[in-house]
Structure formats: C-alpha cells, structure tokens
Amino acid sequence: MNSLIIVESPAKVRTIAKYLGKDFEVRASVGHVKDLPKNKLGIDPEKGFEPTYVVIETKKKIIVELKKAASRAQQILLAPDPDREGEAIAWHIAEEIGKNKTVRRILFNDLTRETILEAIDHPKDLDFNRYEAQQTRRILDRLVGYQISPLLWDKVKRGLSAGRVQSVAVRIICDREAEIGKFVPVEYWNITALLEGENPPAFEAKLFKIDGKKAKVGDETASTGIVNLITSAPFVVSSVERKEVKRQSPAPFTTSKLQQEASRWLHFSAKKTMMNAQKLYEGIEIGAEGAVGLITYMRTDSVRIAAEALKDAREYIHTHYDAAYLPPKARVFKVSGTAQDAHEAIRPTSVARLPQEIKKYLTPDQFRLYQLIWNRFLASQMSPAILDQTTVDIAAANCLFRAQGSVMRFPGFTILYTEGKEENGEENGFGKLLPAVREGEVLKLLSLKPEQKFTLPPPRFSEASLVRELEENGIGRPSTYAAIISTIQDREYVRLEKGKFFPTDLGLLVTDLLVKNFPRILDVAFTASLETDLDRIEEGKIKRLDTLNHFYRAFTEELKKAKSTMRNVKKEEIPTDLICEKCGKPMVIKWGKNGRFLACTNYPDCKNTMNFTRGENGEIQPEEKQTTNVSCPLCGKPMSMRKGRFGQFLGCTGYPECKHTINVDRDGAPLNPAVADPVGNSACEKCGKPMAVKRGRFGTFLGCTGYPECKNIVRTSKVAAANHAAAPVELTDVLCDKCGKPMAVKQGRYGTFLGCSGYPECRNIMKNKAPSKKPSEDSTSKSV
C-alpha cells in the first residue's frame, strides 16, 4: 500500500526514510500548520469557546505540497511528536489534507528501525481527548494573554504581555526576592574543638548539645562563657556508632531532571538543553549508519524503561564491569502519581553507541548532553554505593560535641554518575576520616575555635532550582519549562545574573498589578489545578467545556473590575525630595519605556530627566553621569555615558537642547572616534551638517547630526563607516515612476534593489533589473 508519512521536523525525514521502501513517502510539516489568528481573539465564548483556526501564512505552501503528496497516497500516516502539541498538529493536518483518505496516527518513542516499523504495522486512531487537552490549554492561554495584555498596555506601556503560566513563574521569582528583602540575619556561633586521641589523626568535633538540648549559641558573650567552661573540662568519648549506608542509583532522566542536571553539570540553559536533545532524538549522521536517533523522546515525566532496554543495560554492565556492579535484579523505578507516563524515560536508544565512539559525529554540546544521558541511564541499573559512616559523640562538662565521617567502601553507580548539588548542599562529613576511638577514651583538647555566623536568606533561583520549583508546584509541564524560562527573560520581567534570577523593576511592577487584580490567575495552587484538569481531559474524565466555563465566569468579572480599578502607572508621579539641577523645581519618579526614571515637575518647560538607584535603606540616589573626554561635534560640550534600551551610548551633556548621541562598543569606546570631529568630508547633502555613524536594525549607516529636523541617511559599508565616509551612490538610467528622479542601486537585507535618489521624500523602490530609461513591464514597484 502506497503510504504518506508526515512528521514534524525535516531532520526526522531522512532518519525515518532510510528504513522504509519505495512504498513510503516521508514529508515534514515543519511544526504547527494552523493556529488561532494573530490579529483577533479567535475564540467565541458565546458558542462554547469555539476556536477559529487559520493556516499559518508561512505554512500555506507546505499544505499545498502535502495535498499533492496525499493525492498520490492510499493512506496517510500522521507521525508528529507523541505529545499534546504533536496530536494537535496531526488533527490540523488531517483537517486540511485528509478528506476522503484513510488517515491514521503512528507514535515514535524513539527513531530506531524496530520502533518505526512496529508503529507502522500497528497504526492508531487520532486521540481526540489528547487533542481536546491541547485545545483547552491553547484557549486558556489565549483568553488570558489577549485580554490582560491590552490592559497592561493601557495602564503601563505597550508591548507588555501576561500569560497564564509565565506570569505565575515570574511571581515565584518576585516572591523569593521579597523574602530576601524582608530577611533579617540572625547571629549565631559555632564552637569547634580540635581533639587528639590515642590513635592519629587529630580530628574536629562541633558543639552539638547543651544540657541535652540542641545547642543554640546566640552571641559572643554566650560563646565566651561556654569556651571558658569547657576549656579545663575533660573531653570523654560517650558513644561511637558505625554503620553501613547505601546510596541507591538515581532514576533515568525525566525532562525536568535532565534540564536541572544539564544546568548544574554543563551550565546549559533549559532552552539549550532541549534544543540539543531534540537533535539527538531526531537523528544524527553517524558514519556508515546514516541518520540515527540517539535518544528516546525528550519530553516525558516518566521514569519507566522498556524491558528490552533494561536487558541491554544489564548485559553491558555484566560484560564491562566487575560482577559486584550488577544488582541481582533490574531496577524498576516507581512512576509518580502525577506523571502522564505516556513515554519512557530519556535514555540512549542503544547503550552500544558509546559516547566516546560517536563523539566525532556530534557537536561539543551534543556530545556532552548525550554523555550525560548515557551515563545516567547506565548508572540507574548499577549497584548502590556503600559507605562506612562513623559518628562519635564526646562529652565535656554539660556539653556534647559530635564528629562525623563517611568513607566510600564500594563506589557502585558513582563510578559513572553522581547528581549535581545545590550551593547549600552538604555532604555530612563525606570523605573525612576519623581515627579509631573507644567509648570512655579521654581525648586531648588541642584548641577551641568559636566562630561567628549569621543565618542566610533563601537563595535566588537558578535555572535548575526554578525548574524544580515549577515541577514541585505543578506549574506547566515538562515540555513547557524551557519555553516559560525563555519567555520571562525575553519579556524583560527577570534577568539572569551569575546563574541566578533577579526580577526587574518591570517584572515587580507587573506582578504586583496582576496579583492585586487577578489573584486567582496568579495563584500557584489554582494554576496547578488547571494543569490537573488538562490531564483529566486527556484521560477522558472531564470535558473541555466544563473547565473553560468554570474558568471564564470568574475571569470576566476580574477583567471587568480591573479595567476600572487597576493603577494607571503611566500617569503616576511619585514625589521625591530631589531638586532639579536645571530649574530648581522638585523631581518626581515616573515610568517610561525603559523603566522608572526621575523627571522634572516643570515639564514641558524643563525636560530634565535622569536615572536613579536606591540605597541600602531604599533612599533615592540620582545616577551620576560619567562624563568622558569626547566632545560633542555639534555644540562642543562633553559627552557622558548613558544607558538606553539597547545598551550604553554617549549622549551630549547639553541635553535636551542638544540631542546628539554616539554609539559605543562593549568597552565603552566610541565606535568611531572621528565622529567627534565636526570637520570632515561627510557633510549632509540636504542641510550641510556633519554626518555621524549610527547603528540600525540592518547595520551601520551615516545619519545627519541635524536629526530630527533633517532625517537624511546614507547606507555605508563597514569600511566606509569606519572611515567616516559614505559609500558612493550608484545612479542608474532608470527613472522613478513616482517623482521622475534617477533610481540608485542600494543594498538591503535581501540583496540589491533600486531606490529613489529622492529618499526620504520619495520612498519608491524597484527590483534591480537591467537599466533602461523606463521601468520594464515586469518590474514591480511599491511605496513603503
């Protein structure tokens, strides 16, 4: 039977096609083919929240090609990813090309020959409940995003967005920052004794109890009193406990665990981890083998392993390691009650493909991630590590000191893999060797060391700990963590500094507004309950309409109230004690497109503004202008370093009378020092003022320093820009059909084109055809 197989990714096409014969044609949809419209809500709450899907503009050509391929096939096998998004893609493709055709669904947990052929031999019907779960999630996100975001545009600034899940993730980071801000350090003291017994070596023991209760030493006075009390007291061993401790191997990776461990060990972002995992899953060219899928599906919350994979792992351990490293039975891990368990854990498709042997076919990042997955999977089937743990308690007066030591007796799985630790993780004396001591033995006190400490605030979230927090609170699903973390950074609600998340002023402001006006949507427990509802819809236990109705009734009330009661930040002016340095009037804090700033209350007569910071006690401190030795080429005043939405730049200190700016490099040096020289050969042809090198979205160009009165610009090459000289304009014999002036050859992002030499008054452009007195008939023109 002639069959058409449709997958998501072009990379999968070659991996799958090599296992199939001439009766199969494999095509790619390149992701989603239909979505809700961009320019309107696309959902009708009055008609059961009926969504209106449209073919994505960039996918219209792909749909045409898929229809042609479908016309040649007797059956269509839809093979997008085996998750909710993949199911939605399958349904949308079926709607567009599946009329009067046999359409079935096939699922690949990995892209090995056996899995692919097995799936083709046993196709399934499309999963309506899974599709309904995806639709519900998409509709919920659209209802929240498309109705709250315009409210934020009106009250704060344009371009802001709110999201059902992303806003909760930002709240988690903001709440942690608030905890840190409110945290008051508490003083405490540790007292450590250096002791020596009959057998070497000397060892340390820490004060553990006072009068039989946990030791709490709050200040130096109490610490000194204890030290004075026990300095002359005998230190006697009261108990020695030795026990064997087993550390079991960790389960193979779920998506969240992979993201956490890749962050800790490889310093990968969640987005980078998933991007590389996707490529390993879809297939890599491995020499004579061709394209091979190296790992199983990478979006999963299950730790289940296929029986064949368990067998292969145990055979590899038996062959390559001592017998002690192979446990008597295969390790089977318990799947969490909240896990969907639709797929296996993330593992290599074959343990025989050793990381080092295929390293030459992988990029460095792909190799490191594959090695992490391979090591973790094989380690999961190895024997536990065995440690000898010793605890020694020592009595001195009314105090009890304790020393702990752990020594590895058998490494077990740790020869291949150990889990990464958070910064506050402690090993409880791991690796510390204690001497042989006996109960009743009197020890010699060598020194007592009191040490002042302070309690620490809760740590800020790293990518790894944020993923764990989202997972533990049921926010989002494994497939969404990377997108959530990427989105909240792209929206500038949080920033990542030295591996830790900090909320921005914008993030704190928007979160505060949303929590006050939409407390239910920003509630962690409520968001988690919606995720549970999505799972239940997929399982067929509840209906999509019930979930949407329950959500929307309360949401419309919140939305209606927020439109009238939400703070209008745009109009707010917060008084300060600062006085304008230019006119003597008070300064106020306002909100602009780049965040909060100080502005003069005498606006518009005085347009003085400045950035500010807050001191340790919250006091407002104007940001000092960093004056440079670069002079403004227009007015001669010094230029100062400023910061805008695109980074640092030099701005004239004569602002707002003089608005001249100069771009700088990463080190703060002017990109073109010569631009400070008003004398040059680059005078504006429109007004005669000097031209300056500027940066735009398409690179460097020369712009008139008389801007905004004169908006003349000239495109330059990088060399010409560096030399402060415009590239010569190449005029042609083609006349502009709008104004009659000669057309000039210009360079754009898509190559050369003809642009009117009367720009910017005339913005006519044409395709770059052979020059003639008039545009040729097949030339096209448009005004932009």
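The preceding data block contains the structure.
Worth saying up front: this structure is predicted, and the values here are computed from it rather than measured.

**Q** Account for the overall build of the chain, naming residues and giving values.
**A** When helices and strands are counted, the chain shows 18 helices and 37 strands. Across the 784 residues in the chain, those meeting the buried criterion constitute 47%. Carbon and sulfur atoms provide 50% of the accessible area of the chain, an area that totals close to 40800 Å².

**Q** Which residues make up helix 1 (residues 10–17), and what values do they have?
**A** Looking at helix 1, one finds that the buried residues are Ala11, Lys12, Val13, Thr15 and Ile16. Elements that come into contact with the buried residues of helix 1 comprise strand 1 (3–7), strand 2 (24–28), helix 4 (113–121), helix 9 (270–282) and strand 14 (291–292). Residue serine 9 occupies the N-cap position of helix 1, its side-chain oxygen lying 3.1 Å from the main-chain nitrogen of alanine 11.

**Q** Account for the environment of threonine 511, with residues named and values stated.
**A** By secondary structure assignment, the location of threonine 511 is in helix 15 (residues 505–517). In this structure, threonine 511 is in contact with Val170, Arg171 and Cys174, ignoring residues within four places of it in sequence.

**Q** Describe the pattern of salt bridges, and please don't skip the residues or the numbers.
**A** Scanning the entire structure with this criterion turns up 39 salt bridges. Note that arginine 138 and aspartate 35 form a salt bridge whose closest N and O atoms lie 3.0 Å from each other. Of this pair, arginine 138 sits in helix 5 (residues 128–155) while aspartate 35 sits in strand 3 (residues 34–35); the two residues are 103 residues apart in sequence, bridging distant segments of the chain. Since its relative accessible area comes to 17%, arginine 138 is described here as buried. According to the relative accessible area criterion, aspartate 35 is partly exposed, its value standing at 26%. Salt bridges here are not isolated pairs; linked through shared partners, they connect Arg84, Arg130, Arg477, Asp535 and Glu538.

**Q** How would you sum up the pairing of strand 8 (residues 102–105)? Please name residues and give values.
**A** With four bridges joining them, strand 7 (residues 75–78) and strand 8 adopt parallel strand pairing. What sits directly across from leucine 78, in strand 8, is arginine 105. With helix 3 (residues 84–97) bridging strand 7 and its parallel neighbour strand 8, the resulting β-α-β unit is right-handed.

**Q** Can you explain the nonpolar core? Please cite residues and give values.
**A** Across soluble globular proteins, nonpolar side chains have a tendency to be buried as a group. Of all hydrophobic cores here, the largest spans 117 residues; its most connected members are Ile148, Leu369 and Phe518. In terms of residues, this core owes the most to one element, helix 12 (residues 364–379), which gives nine residues. Not counting residues within four places of it along the chain, the set of residues in contact with isoleucine 148 comprises Ala162, Leu514, Phe518, Ile521, Phe555 and Leu559. Counting 26 residues, the second-largest nonpolar core is a separate cluster that includes Leu195, Phe203, Ile230 and Phe235.

**Q** How would you sum up the side chain of asparagine 109? Please name residues and give values.
**A** Positionally, asparagine 109 belongs in the loop between strand 8 and helix 4. Within polar-contact distance, the side chain of asparagine 109 engages the side chain of glutamate 344 at 3.2 Å. If we skip the residues at most four places from it in the chain, asparagine 109 touches Thr115, Tyr281, Thr296, Tyr297, His343 and Glu344.

**Q** Before we move on, can you summarise helix 12 with the specific residues and values?
**A** The end-to-end C-alpha distance of helix 12, which contains 16 residues, comes to 22 Å, matching closely the 22 Å that a straight helix rising 1.5 Å per residue would cover. Buried residues dominate helix 12, accounting for 12 of its 16 residues. Among the residues of helix 12, Gln366, Phe367, Leu369, Tyr370, Leu372, Ile373, Trp374, Asn375, Arg376, Phe377, Leu378 and Ala379 are the ones counted as buried. For helix 12, the secondary structure elements touched by its buried residues are helix 8 (255–266), helix 9, strand 13 (284–285), helix 10 (307–320) and helix 11 (355–358).

**Q** Quick rundown of the pairing of strand 18 (residues 494–497)? Include the residues and the values.
**A** Sheet faces and side chains relate simply in a regular strand, where the side chains alternate between the two faces. Bridge count for strand 18 against strand 19 (residues 500–503) is four bridges, and the pairing is antiparallel. The partner of glutamate 497 across the bridge, within strand 19, is lysine 500. Count of turn residues in the strand 18/strand 19 antiparallel hairpin: two residues, of which lysine 498 carries a positive phi of about 50°.

**Q** Tell me what's going on with a negative patch on the surface, and back it up with residues and numbers.
**A** On the surface, Glu114, Glu308, Asp312 and Glu315 cluster together into a patch of negative charge. Looking at the negative patch, the element that brings in the most residues is helix 10, giving three residues. Locating glutamate 315 in the fold gives a position in helix 10. Judged by its relative accessible area of 43%, glutamate 315 falls in the partly exposed class.

**Q** I'd like a description of the side chain of asparagine 276, backed by residues and values.
**A** Looking at the element boundaries, asparagine 276 is found in helix 9. With sequence-adjacent residues up to four places away left out, asparagine 276 is seen in contact with Phe268, Thr363, Asp365, Gln366 and Leu369.

**Q** Describe unusual backbone geometry, naming the residues involved and giving the relevant values.
**A** Here proline 200 and proline 201 are connected by a cis peptide whose omega angle stands at 0°. Relative to the helices and strands, proline 201 resides in the loop between strand 9 (187–196) and strand 10 (203–210). In this structure, valine 30 takes a positive phi of about 55° despite not being glycine. Looking at where valine 30 falls in the secondary structure, it is placed in the loop between strand 2 and strand 3. With a relative accessible area of 40%, valine 30 lands in the partly exposed category. The phi dihedral of asparagine 100 is positive, around 60°, even though this residue is not glycine. Locating asparagine 100 in the fold gives a position in the loop between helix 3 and strand 8. Residue classification places asparagine 100 among the exposed positions, given a relative accessible area of 83%.

**Q** Tell me about the sheet that holds strand 8, residues and numbers included.
**A** Within the open sheet, the four strands sit side by side as 2-1-7-8. Their pairing is parallel. Only two strands of the sheet have a single neighbouring strand rather than two, namely strand 2 and strand 8. Neighbouring strand axes in the sheet, compared pairwise and without regard to direction, differ in orientation by 25° on average. Strand direction decides the pairing type here: strand 1 and strand 7, joined by four bridges, are parallel. Residue pairing across strands places leucine 4 opposite isoleucine 76, the latter belonging to strand 7.

**Q** Just give me the short version of the packing of helix 3 against helix 5, but keep the residues and values in it.
**A** If you want to describe how two helices pack, look at the angle between their axes and the distance between the axes. Across the interface, helix 3 lies against helix 5 with an axial gap of 8 Å and an inter-helix angle of 105°. Classified by the angle between their axes, helix 3 and helix 5 sit roughly perpendicular to one another. Across the interface between the two elements, Arg84, Glu85, Glu87, Ala88, Trp91, His92 and Glu95 from helix 3 touch Phe128, Arg130, Tyr131, Ala133, Gln134 and Arg137 from helix 5.

**Q** Which residues make up the packing of aromatic side chains, and what are the values?
**A** Summed over the entire model, instances satisfying the criterion amount to 13 aromatic pairs. Ring geometry for phenylalanine 235 versus phenylalanine 401: centroids 5.5 Å apart, planes at 55°, classification tilted. Of this pair, phenylalanine 235 sits in strand 12 (residues 235–247) while phenylalanine 401 sits in strand 16 (residues 399–410), and the two are 166 residues apart along the sequence. For phenylalanine 235, a relative accessible area of 1% translates into the label buried. Of the residues examined, phenylalanine 401 reaches a relative accessible area of 0% and is grouped as buried. Considering the side-chain rings of tyrosine 321 and tyrosine 325, the 6.0 Å spacing of their centres and the 50° angle between planes classify their relative orientation as tilted. For tyrosine 321, a relative accessible area of 22% translates into the label partly exposed. Put simply, the rings of Phe49, Phe518, Phe526, Phe551, Tyr552 and Phe555 pair up and form one aromatic cluster.

Thresholds, definitions, all that
Residues numbered from 1 in each chain as written. Predicted model: local features only at pLDDT ≥ 70, side-chain atom pairs only at ≥ 80, totals over all residues. Heavy atoms only, no water. Helix = DSSP H or I, 4+ residues; strand = E, 2+ residues; numbered from the N terminus. Buried < 20%, exposed > 50% of the residue type's maximum accessible area, 1.4 Å probe, protein only. Areas by Shrake-Rupley, 256 points an atom, 1.4 Å probe, with all protein chains shown as cover. Contact = heavy atoms within 4.5 Å. Polar contact = N/O pair within 3.5 Å; in protein donor to acceptor, adjacent residues only side chain to side chain. Salt bridge = Lys/Arg side-chain N within 4 Å of Asp/Glu carboxyl O. Pairing = 2+ DSSP bridges. Right-handed = clockwise from strand over helix to strand, strands pointing away. Core = buried A, V, L, I, M, F, W, Y, C linked by side-chain atoms within 4.5 Å. Expected span 1.5 Å × (residues − 1). Patch = residues over 30% accessible without salt bridge, like charges linked within 9 Å, V, L, I, M, F, W, Y side chains within 5 Å. Lys, Arg positive; Asp, Glu negative; His and termini not counted. Charge placed at Lys NZ, Arg CZ, Asp CG, Glu CD. Axes fitted to C-alpha atoms, helices over the stretch in contact; angles between N-to-C directions. Parallel < 35°, antiparallel > 145°, perpendicular 65-115°, else oblique. Phe/Tyr/Trp six-rings, centres within 6.5 Å; stacked < 30°, edge-to-face > 60°.

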